[in-house]
Amino acid sequence: MAYSDKVIDHYSNPRNVGTLDKSSSKVGTGLVGAPECGDVMRLQIEVDENNVIKDAKFKTFGCGSAIASSSLATEWLKGKSIDDAMKIDNMDIVEELALPPVKIHCSVLAEDAIKAAINDYRVKNGFAPIVSEKVHH
Amino acid sequence: MDLPIYLDNNATTPMDPRVLEAMLPYFVQKFGNSASRNHAFGWVAEEAVDYAREQVAQLIGANEKEIIFTSGATESDNLALKGVFEMYQEKGNHIITMTTEHKAVLDACKHLEKLGARVTYLSPQPDGLINLEELVAAMSQETILVSIMYGNNEIGVIQPVKEIAKIAHQFGALFMTDATQAVGKIPVDVIADGIDLLALSAHKMYGPKGVGALYVRRKNPRVKVTAQMDGGGHERGMRSGTLNVPGIVGLGKACELARLEMQQDAERLSKLRDKLENSLLELEESYVNGNREHRLPHTANISFKYVEGEGLMMAMKDLAVSSGSACTSASLEPSYVLKSLGLSDDLAHSSIRFGLGRFTTEAEVDRAIEVTKNAVTHLRELSPLWEMFKEGIDLDSIEWAEH
């Protein structure tokens, strides 16, 4: 299968690889997927006092599309408010990276990781987690 | 060095130029139908087919009359399994095989189950080898066929065919082997090994695609299979269809070259394979899959824990290799062969198969070592699992959300 240039770019030069201090109250961590499924994503956000994401980091175990999806997600998250970040849809990632149908689950995982990180941050700071009603395509 | 480097010789091999040379006259000048008995065009083709039949027979210690030409090992496997089941169903309906067989065997068996066969699928030991005691325990009066592959395509493990054949024969069953990966790579002798039916393919031994053979024993016992392709009664009535003369000539030439050169090829390739394997095992948390003693000289299957196979292959784009991960398929199921060995799904997802071949050079292997090491290191830097492992977190203690 041929990968799109954007997937190859993110895979070869992944943005924002790394680890934030998960014990900090400003940091939300989302760990989604499972090793036996061949994909695990860990996405972390650091949120400032205005509810704006000022830093985002990821590490991903998975195929090139999974790595590219999470790399792209961190790029998009930086500078976004929490509310705007919640609106990132997996199909936006599919479109941006031109993922083929067999790789849509990678984008779903990235969206799940964003939401998991935001909810981790919310719970840490005394807010209820947001339950997504979304049914993935 | 030409890139990418081809290290997927278990999938297919490049054709040896000497094979192509032997085949070329049989397309345009000597195009005859080997079944045309009444003119020179037919005789020339028939002579070429007869010669190729001898070349194939010689490689496996058979008589040329015991060689049935087919379109490849998949057809040979199907003909053997379905043909034996149909021919011997009055004697019994039980077939024994293994979970690590090629799909051509497994799916043919599944088909036969629908037609009333009882099939036992034996699991291998963790090193990929058959447990002979379990085989004995599975045998019964109704067992008509034991079908166990000679050398495994994914992990290269060589089964103890001689012992398997003995057990099958003690119970009055036939022994068939899919020897696609073994023939031409290691010595195979149907008499010494006690093989009754054997499937082989040309394109795994530097011959053309689309041609193979089934060995069907003619003496002690005389084995018969019911044809699965009806028509002109070619190949002693077991496989109708005009013979693929150029392909068969190519198969014959490939067999002859293998007979003359396989020993030196095997010695050279096992040294290169060991170099590759030992260098890659220097990486932490890397494991060889399958028995390291009883195996084909050109195959190495290695799991690199905490990196995913498909992602890894992308970082190894200068190498043409194969992964045990099947993330591209909708099922996300990793290799069933590796899972049969008892590998966890995550380790099966993290495996790469290297298949060396006649044209693999030492410089290519050195490059492959470098590329693989860099790729594994790069992906581990990206891997949350690697980070957790390094922090001493037990990954089994985490509740993963399976998707």
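Looking at an unreviewed UniProt entry, one finds chain B named Cysteine desulfurase IscS and attributed to Mucilaginibacter arboris. Database annotation for chain B, UniProt heading Subcellular location (unreviewed entry): "Cytoplasm". One UniProt comment on chain B, placed under Subunit (unreviewed entry), says "Homodimer. Forms a heterotetramer with IscU, interacts with other sulfur acceptors."

Chain A has the name Iron-sulfur cluster assembly scaffold protein IscU in an unreviewed UniProt entry, where Mucilaginibacter arboris is given as its organism. Its UniProt record gives chain A a comment under Function (unreviewed entry), which states: "A scaffold on which IscS assembles Fe-S clusters. It is likely that Fe-S cluster coordination is flexible as the role of this complex is to build and then hand off Fe-S clusters." Recorded in UniProt for chain A, the comment headed Sequence similarities (unreviewed entry) runs: "Belongs to the NifU family."

1. Topic: the overall build of chain B
Looking only at helices and strands, one finds 13 helices and 13 strands in chain B. On C-alpha atoms alone, chain B measures out to a radius of gyration of 22 Å, which is about the 22 Å that the 2.2 N^0.38 rule sets for 403 residues. Each principal axis of the C-alpha distribution contributes one length, and for chain B these read about 75 × 50 × 35 Å. By residue count, 59% of the 403 residues in chain B fall in the buried class. If you take every contact in chain B between residues at least 6 apart in sequence, the share linking residues at least 24 apart comes to 72%. Surface summary for chain B: the accessible area is close to 16,500 Å², and the carbon and sulfur share equals 51%.

2. Regarding the packing of helix α3 (residues 73-87) of chain B against helix α4 (residues 103-114) of chain B
Helix-helix packing: each pair is described by the crossing angle between the helix axes and the interaxial distance. Residues and elements named next belong to chain B. Axis separation between α3 and α4 bottoms out at 9 Å; the angle between their running directions is 30°. In terms of orientation, α3 and α4 fall into the roughly parallel class. Read as a crossing pair, α3 and α4 show a hand that is right-handed. In contact with Thr 74, Asp 77, Asn 78, Leu 81, Lys 82 and Phe 85 of α3, α4 contributes Ala 104, Val 105, Ala 108, Cys 109, His 111 and Leu 112. Class assignment of the residues belonging to the contact of α3 with α4 gives a composition of 7 nonpolar, 3 polar and 2 charged.

3. Quick notes on the sheet that holds strand β1 (residues 27-34) of chain A
Residue and element names in this part refer to chain A. Taken in spatial order, the 3 strands line up as β1-β2-β3 in an open sheet, and their pairing is antiparallel. Looking at the sheet topology across the chains shown, the edges are occupied by β1 and β3 (53-61). Each neighbouring strand pair of the sheet contributes to a mean axis angle of 10°, computed without reference to strand direction. Contacts from helix α2 (residues 64-77) reach β2 (39-47) and β3, with the element oriented near 175° to β3.

4. So, the sheet that holds strand β12 (residues 322-323) of chain B
Residue and element names in this part refer to chain B. Strand order in this open sheet of 4 strands is β9-β10-β13-β12, and the pairing throughout is antiparallel. A single partner strand is all that each edge strand has here, and the edge strands are β9 (286-288) and β12. As judged from the 3 bridges shared by β9 and strand β10 (residues 299-304), these two strands associate in the antiparallel manner. Residue pairing in the sheet places Tyr 287 in a bridge with Ser 303 of β10. Those strands touched by helix α8 (residues 245-280) are β9, β10 and β13 (351-355), and its axis lies near 10° from that of β10.

5. Structural notes on the nonpolar core
Nonpolar side chains in soluble globular proteins tend to end up buried together. Of all hydrophobic cores here, the largest spans 62 residues; its most connected members are Ile 45 and Leu 77 of chain A together with Leu 276, Phe 304, Leu 312, Met 316 and Phe 354 of chain B. Per-element tally for this core: the top contributor is helix α5 (residues 104-124) of chain A, with 10 residues. Setting aside residues up to four positions removed in sequence, Leu 77 of chain A forms contacts with Leu 43, Ile 45, Ile 53, Ala 56, Ala 85, Ile 88 and Ile 114 of chain A. Residues Ile 60, Phe 175, Ile 195 and Ala 202 of chain B belong to the second largest nonpolar core, which totals 54 residues.

6. Some points on the UniProt feature "binding site: pyridoxal 5'-phosphate" (unreviewed entry) in chain B
Residue and element names in this part refer to chain B. In this numbering, the UniProt entry assigns the feature "binding site: pyridoxal 5'-phosphate" (unreviewed entry) to Ala 73, Thr 74, Asn 153, Gln 181, Ser 201, Ala 202, His 203 and Thr 242. Annotated residues spanning 170 residues; largest pairwise C-alpha distance 29.9 Å, indicating distribution over more than one region. Among the structural elements, His 203 can be located in the loop between β7 (197-201) and β8 (212-216). What His 203 contacts, discounting residues up to four positions off in sequence, is Ala 11, Thr 12, Thr 13, Pro 208 and Lys 209. Side-chain polar atoms of His 203 contact the side chain of Thr 12, separated by 2.6 Å.

7. Topic: the environment of Arg 15 of chain A
Residue and element names in this part refer to chain A. Locating Arg 15 in the fold gives a position in the loop between α1 (5-12) and β1. The exposure class assigned to Arg 15 is partly exposed, which follows from its relative accessible area of 22%. In the structure, Arg 15 is positioned 43 residues away from Phe 58 in sequence and 8.5 Å away in space, judged by C-alpha atoms. Contacts of Arg 15, omitting those with residues within four sequence positions, involve Asp 9, His 10, Phe 58, Ser 71, Thr 74 and Glu 75. Engagement of the side chain of Arg 15 in a polar contact is seen with the side chain of Asp 9, the distance being 2.7 Å.

8. Considering the domain arrangement of chain B
Residues and elements named next belong to chain B. The domain architecture assigned to chain B consists of domain 1 (5-10 + 262-397) and domain 2 (17-258). Listed by partner, the interface residues are 24 residues for domain 1 and 33 residues for domain 2. Where domain 1 abuts domain 2, roughly 2,400 Å² becomes buried across the two surfaces, and 56% of that area is made up of carbon and sulfur atoms. Three residues, Met 262, Tyr 336 and Arg 358, lead the burial of domain 1 against domain 2; their summed loss comes to 29% of the area buried on that side.

9. Concerning the interface of chain A and chain B
When the parts of a complex come together, some accessible area is lost, and that lost area is often taken as the interface size. Each partner contributes to the interface: chain A provides 29 residues, whereas chain B provides 28 residues. When chain A packs against chain B, close to 2,600 Å² is buried across both sides, 67% of that on carbon and sulfur atoms. Interface area lost by chain A to chain B is led by Tyr 11, Glu 36 and Phe 61 of chain A, which between them contribute 26%. Our count for the chain A to chain B interface comes out at 3 salt bridges. Lys 59 of chain A is paired through a salt bridge with Glu 387 of chain B; the nearest N and O atoms lie 2.9 Å apart. At the boundary of chain A and chain B, one finds 11 residue pairs in polar contact (both at pLDDT 80 or more). For the side of chain A that touches chain B, the secondary-structure elements that each account for two or more residues are α1, β1, β2, β3, α2 and α5 of chain A.

Each value, and the rule that gives it
Residues numbered from 1 in each chain as written. Chains lettered and ligands numbered in written order. Predicted model: local features only at pLDDT ≥ 70, side-chain atom pairs only at ≥ 80, totals over all residues. Heavy atoms only, no water. UniProt positions renumbered as here; feature names shortened; annotations may be inferred. Helix = DSSP H or I, 4+ residues; strand = E, 2+ residues; numbered from the N terminus. Rg over C-alpha atoms; globule rule 2.2 N^0.38 Å. Buried < 20%, exposed > 50% of the residue type's maximum accessible area, 1.4 Å probe, protein only. Contact = heavy atoms within 4.5 Å. Areas by Shrake-Rupley, 256 points an atom, 1.4 Å probe, with all protein chains shown as cover. Axes fitted to C-alpha atoms, helices over the stretch in contact; angles between N-to-C directions. Parallel < 35°, antiparallel > 145°, perpendicular 65-115°, else oblique. Left-handed = near helix turned anticlockwise from the far one by under 90°. Nonpolar A, V, L, I, M, F, W, Y, C, P; charged D, E, K, R; others polar. Pairing = 2+ DSSP bridges. Core = buried A, V, L, I, M, F, W, Y, C linked by side-chain atoms within 4.5 Å. Polar contact = N/O pair within 3.5 Å; in protein donor to acceptor, adjacent residues only side chain to side chain. Domains from an automatic or database assignment. Buried area = accessible area lost by both parts, 1.4 Å probe. Salt bridge = Lys/Arg side-chain N within 4 Å of Asp/Glu carboxyl O.

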